[in-house]
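Notes for the structure review
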Amino acid sequence: MGLKFLHILAYLSLALVASHAALPETYWNTKLPNTPMPNAIKESLQPSGLTDLEDKSTSVDVGKGGVNVASGKGHNSGGTNVNVGGHKGGVNVDTPGGTHVGVGKGGVGVYTPGHHGKPPVSVGVHPGPSPFLYNYAAKDDQLNDNPNVALFFLEKDLHQGSNMNMQFVKTTNGAAFLPREEADSIPFSSKKMPEILNQFSVDPNSEEAHTMKQTVQECEEPGIKGEEKYCATSLESMVDFTTSKLGNKVQPLSTETEKEESEMQKYTILGAKKVGNNNNNNDKSVVCHKQNYAYAVFYCHKTETTESYMVSLVGADGTKAKAVAVCHKDTSAWNPKHLAFKVLKVTPGSVPVCHFLPQDHIVWVPKN
């Protein structure tokens, strides 16, 4: 329940500033008319129905000392108040006049002053670098109980009837997109980390601070040979980067499943269809991976010699999934200690390596 409420908290606070900045959805519809949004993007946007919370009264109460939400200008409310689990634990938020977010005991704690209504921090903390960055070596603890490990497979296994043990996990990072003008007003640089952490009132010695620093550092590292990388701090900047590399006729896709899973299970591939206007001489795409940060940041990279597929799967329990798979034909420039090589027991450049995308990641391909 805590993760879901973090998502709600991000929405509530972002809604307070939505009326002061152009909505990312508007830019999307202008730049990419008649292009459906994948769920990975929809879930990183604040719902437009909450943009008038300042003028309406909203309240939700669940049980004694349980969950309560109050918003608007009722006679007992000076703004937005969210409380989960009573006074000494759970999740609680107070805004405006300052944003306070508390999640459990010793968990995420954020106090954001009301300057421009900046959102609460929703940072998922995970060990080690992202497994989808090619120039990083895997840490030993990334091989243990990590759902991302099962996402890697060999291209020869991408066929009907193939079985794989996997777990499609819903995003643990409820951070939402800021409108570009809001995102651009916030520093995003290792040199500015003290200022960034102070702006979001994150303890410099906390795990959340370490995760945010790691995200910025990964964004600043140079890409490997043949890779063009960019960290998009807004939906608008993601669209601009993608269309500058692939043209205006693009199709964004993300993995979608029927339900959230708590453990791995055997999946069977029912079929796989190649997507994008690819050919053997110029296979290209832009893949954007959601990072752990205070607001939605996507690590996007364009690579050649890749192929993208929509794969239909069914789990042992009957759960159906439409998963995006990306196959890399040339991995010779990857770090030899990358997670994929450890999992698949192959060497860089020896065979094509594929991976499924988690549900909060996106692949952009040229339209046919």
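Right above here is the structure, for reference.
The model shown is predicted, which means the values in this text are computed figures rather than measured ones.

Before going further, it helps to spend a moment on the overall build of the protein. A count of helical and extended segments in the protein gives eight helices and 18 strands. Counting the 368 residues in the protein, one finds 54% classified as buried. Considering only contacts in the protein between residues 6 or more positions apart, those separated by 24 or more positions represent 68%.

Moving on to helix α2 (residues 24-31). In an α-helix, one turn spans 3.6 residues; hence positions three or four apart end up facing the same way. Taken as a whole, α2 has its buried residues at Pro24, Glu25 and Trp28. Taken end-on, α2 shows its buried residues confined to a sector of 100°, consistent with a single buried face. Residues of α2 that are buried in the fold lie against α3 (39-42), α7 (235-246), β10 (250-253) and β18 (362-366).

Now for the side chain of Thr306. Tracing the backbone through its elements, the reader meets Thr306 in strand β15 (residues 306-315). Under the relative-accessibility criterion, Thr306 is labelled buried at 1%. Here Ser285 takes part through its side chain, which lies 3.2 Å from a polar atom of the side chain of Thr306.

So, about the packing of α2 against α7. Relative to each other, α2 and α7 sit at 25°, their axes nearing to 9 Å. The orientation of α2 with respect to α7, classified from their angle, is roughly parallel. Along its contact with α2, which presents Pro24, Tyr27, Trp28 and Lys31, the element α7 presents Leu235, Glu236, Val239, Asp240 and Thr243. Counted by class, the contact of α2 with α7 contains five nonpolar, one polar and three charged residues.

Each value, and the rule that gives it
- Residues numbered from 1 in each chain as written.
- Predicted model: local features only at pLDDT ≥ 70, side-chain atom pairs only at ≥ 80, totals over all residues.
- Heavy atoms only, no water.
- Helix = DSSP H or I, 4+ residues; strand = E, 2+ residues; numbered from the N terminus.
- Buried < 20%, exposed > 50% of the residue type's maximum accessible area, 1.4 Å probe, protein only.
- Contact = heavy atoms within 4.5 Å.
- Arc of directions from axis to C-beta.
- Polar contact = N/O pair within 3.5 Å; in protein donor to acceptor, adjacent residues only side chain to side chain.
- Axes fitted to C-alpha atoms, helices over the stretch in contact; angles between N-to-C directions.
- Parallel < 35°, antiparallel > 145°, perpendicular 65-115°, else oblique.
- Nonpolar A, V, L, I, M, F, W, Y, C, P; charged D, E, K, R; others polar.

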